[in-house]
Amino acid sequence: MGKVIAVANQKGGVGKTTTAVNLSSCVAALGKRVLVVDLDPQGNTTSAYGVSKNKLDSDIYTCLIDDEDVRQAVVKTEFHADLLPSNTQLAGAAVELVNLPRRENRLRSVLAPIVPLYDYVFIDCPPSLDLLTINGLCACDTVLIPLQCEYFALEGLSELMNTLKTVRKKYNRYLDIEGVVFTMYSGRLNLTMQVVAQVKKYYGNKVYRSVIPRTVRLSEAPSFGMPINYYEPNGKGSDAYMELAREFLANNES
């Protein structure tokens, strides 16, 4: 049975989608069967995997709202990972879900037939705490939290923890934290070190040793429709995500 990991942080601009795309691609490159679910209406994960958002007959929206068969919507990418794509149509789904039965568990039901086909399923959640994110948290086994090394990121983290407690209590009692990964990391800044120390104090061994630096190539790769390990295989960004992928697999398969 595949493990489902939601990549979530309601604060935008923390490297959430960058982490969902590049970690999943690196895990696939290490020989695992991987599915990436783009649950963000911006569809950036879809674009970053080189799939056109405007040419989709089926996608996560049609599966969630119209009960379309998820197997029809999954796209085989050229990067060894499969993708359940998204586009801007998904923006209305948070409102449309309100009146649907079992609205918090729609995604879990959608994914149920295909989760056993994969080793790992990564869900890129929206940078908000709406019904789409709640669906992502109800459908997953664990949550991976990308965290930018800045003061306001700590505030966002505490809000996310409150949400996780609520979801655990009401809908998904087995929900656990996969880990916290630092993004846009610069070891030369005092603030970075302070944030790292604070987070490690509370989350201990849930904090990944691997950190993701801020690099131009990581920002460029999505515009070329390629994960970083294909766009610049020997660069700092690729090395960092490959190291994170190895640590992720070591944690899960030891």
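Heads up: these notes are all about the structure in this document. Owing to the predicted nature of the structure, the values given are computational and were not obtained by experimental measurement. Throughout, a residue's number is its position along its own chain's written sequence, starting from 1. Totals for whole chains, interfaces and linings use all residues, but because this is a predicted model, local features are given only for residues with pLDDT of at least 70 and pairs of side-chain atoms are given and counted only at 80 or more. Computation of side-chain values: all heavy atoms of the structure, hydrogens and water removed.

1. Some details on the overall build of the protein
When you go through the protein residue by residue, the secondary structure sums to twelve helices and seven strands. Here the C-alpha atoms of the protein give a radius of gyration of 17 Å, agreeing with the 18 Å that 2.2 N^0.38 yields for 254 residues. Working rule for contacts: check all heavy atoms of both residues, and any pair within 4.5 Å makes them a contact. Excluding contacts between residues fewer than 6 apart, the proportion of contacts in the protein whose partners are at least 24 apart in sequence is 79%. Working definition of accessibility: Shrake-Rupley area with a 1.4 Å probe, residue cover restricted to the visible protein chains. Here the protein has roughly 11,500 Å² of accessible surface; of this, 49% comes from carbon and sulfur atoms. Lys and Arg are tallied as positive, Asp and Glu as negative. Neither His nor the chain termini are counted. One atom stands in for each charge, and that atom is NZ of Lys, CZ of Arg, CG of Asp or CD of Glu. A gap of 7 Å separates the mean positions of the 27 positive and 27 negative side-chain charges of the protein. Think of it this way: any DSSP run of H or I at least four residues long counts as a helix, any run of E at least two long counts as a strand, and we number them from the N terminus. A radius of gyration in this sense is built from C-alpha atoms; the matching globule rule multiplies 2.2 Å by the number of residues raised to 0.38.

2. Considering the nonpolar core
Residues belong to one nonpolar core when they are buried, are Ala, Val, Leu, Ile, Met, Phe, Trp, Tyr or Cys, and are joined through side-chain atoms within 4.5 Å. Burial classes: relative accessible area under 20% of the type maximum marks a residue as buried, over 50% as exposed, and values in between as partly exposed (1.4 Å probe, protein chains only). Within the largest apolar cluster, 54 residues are counted, with the highest numbers of intra-cluster contacts made by Leu64, Leu111, Ile123 and Val199. Excluding anything up to four places from it in sequence, Leu64 contacts Leu39, Leu90, Leu100, Arg106, Leu107, Val110, Leu132 and Asn135. Ranked by size, the runner-up nonpolar core spans 33 residues in total, among them Val34, Leu83, Val181 and Ala240.

3. A word on the sheet that holds strand E6 (residues 142-148)
One bridge is not enough; two strands pair if DSSP finds at least two bridges between them. The strand order E3-E4-E2-E5-E1-E6-E7 describes an open sheet built from seven strands, whose pairing is mixed. The open sheet has two edge strands, strand E3 (75-76) and strand E7 (176-183), and neither has a second partner. As defined by bridge partners, strand E2 (residues 34-38) adjoins strand E4 (residues 82-84) across three bridges and the pair is classed as parallel. When the sheet's bridge partners are listed, Val37 is paired in E4 with Leu84. Strand contacts of helix H12 (residues 236-253): strand E1 (3-7), strand E5 (120-124) and E7, with the helix running at about 125 degrees to E5, the strand carrying the most contacts. A fitted line through C-alpha atoms serves as each axis, taken over the contacting stretch for helices, and the angle formed by two N-to-C directions is quoted from 0 to 180°.

4. Structural notes on the pattern of salt bridges
We define a salt bridge as a side-chain nitrogen of Lys or Arg found within 4 Å of a carboxyl oxygen belonging to Asp or Glu. Applying the stated criterion to the full structure yields 13 salt bridges. One salt bridge connects Lys16 with Asp40, and the closest N-O pair in it is separated by 3.7 Å. Taken together, the residues Lys16 in helix H1 (residues 16-29) and Asp40 in the loop between E2 and helix H2 (44-48) connect sequence positions 24 residues apart. The exposure class of Lys16 is buried, given its relative accessible area of 5%. We classify Asp40 as buried; its relative accessible area is 3%. Of the charged contacts in the structure, one is a salt bridge between Asp67 and Arg106, with a shortest N-O distance of 3.0 Å. Within this pair, whereas Asp67 is found in the loop between helix H3 (60-66) and helix H4 (70-73), its partner Arg106 is found in helix H6 (residues 106-111), the two being separated by 39 residues in sequence. Take Asp67: its relative accessible area is 59%, and that puts it in the exposed class. Residues participating in the shared-partner salt-bridge network are Lys16, Asp40 and Asp124.

5. Description of the pairing of E6
On any regular strand, side chains alternate: one points to one face of the sheet, the next to the other face. Among the seven residues in E6, seven count as buried, and that is most of the element. Burial along E6 is two-sided: Thr142, Leu144, Pro146 and Gln148 and Val143, Ile145 and Leu147, pointing in opposite directions, are all buried. With three bridges joining them, E1 and E6 adopt parallel strand pairing. Residue pairing across strands places Val7 opposite Leu144, the latter belonging to E6. Looking at chain direction, E6 and E7 are connected through seven bridges and run parallel.

6. Describing the state of the cysteines
We call a pair of cysteine sulfur atoms a disulfide when they lie within 2.5 Å. Taken as a whole and assessed by the stated rule, the structure comprises zero disulfides. Distance from the sulfur of Cys125, which forms no disulfide, to the nearest cysteine sulfur (Cys140) is 7.0 Å. Given a relative accessible area of 0%, Cys125 falls into the buried group.

7. Details of the packing of helix H7 (residues 131-139) against helix H8 (residues 151-170)
Between two packed helices, both the angle of their axes relative to each other and the distance between the axes serve to describe the pair. One way to put it is that H7 packs onto H8 with a least axis distance of 10 Å and a crossing angle of 60 degrees. Taken together, the axes of H7 and H8 are oblique relative to one another. For the crossing formed where H7 meets H8, the hand is right-handed. Each of Ile134, Leu137 and Cys138 in H7 lies in contact with H8, whose residues at this interface are Thr163, Leu164 and Val167. Partitioned by chemical class, the residues of the contact of H7 with H8 number five nonpolar, one polar and no charged. For this classification, under 35 degrees means roughly parallel, over 145 means roughly antiparallel, 65 to 115 means roughly perpendicular, and everything else is oblique. Crossings are assigned a handedness: left-handed for a near helix turned anticlockwise from the far helix by less than a right angle, right-handed for a clockwise turn. Asp, Glu, Lys and Arg are counted as charged, while Ala, Val, Leu, Ile, Met, Phe, Trp, Tyr, Cys and Pro are counted as nonpolar; the rest, among them Gly, fall into the polar class.

8. Description of the packing of aromatic side chains
Paired rings are identified among Phe, Tyr and Trp, the last through its six-membered ring, by centres lying within 6.5 Å, and are further divided according to the angle between planes into stacked (under 30 degrees), edge-to-face (over 60) and tilted (the rest). Summed over the entire model, instances satisfying the criterion amount to five aromatic pairs. Centre to centre, the rings of Phe79 and Tyr230 are 4.9 Å apart; their planes meet at 55 degrees, and the pair counts as tilted. In this pair, Phe79 sits in the loop between E3 and E4 while Tyr230 sits in helix H11 (residues 228-231), placing the two residues 151 residues apart along the sequence. The class for Phe79 is buried, based on a relative accessible area of 4%. Taking 5.1 Å as the distance between ring centres and 65 degrees as the angle between the ring planes, the aromatic pair formed by Tyr120 and Phe248 counts as edge-to-face. With Tyr120 in strand E5 and Phe248 in helix H12, this pair connects stretches of sequence that are 128 residues apart. Judged by relative accessible area, Tyr120 falls into the buried class, the value being 5%. Given the relative accessible area of 0%, Phe248 is considered buried.

Don't take any of this as a statement about function, it's just geometry.
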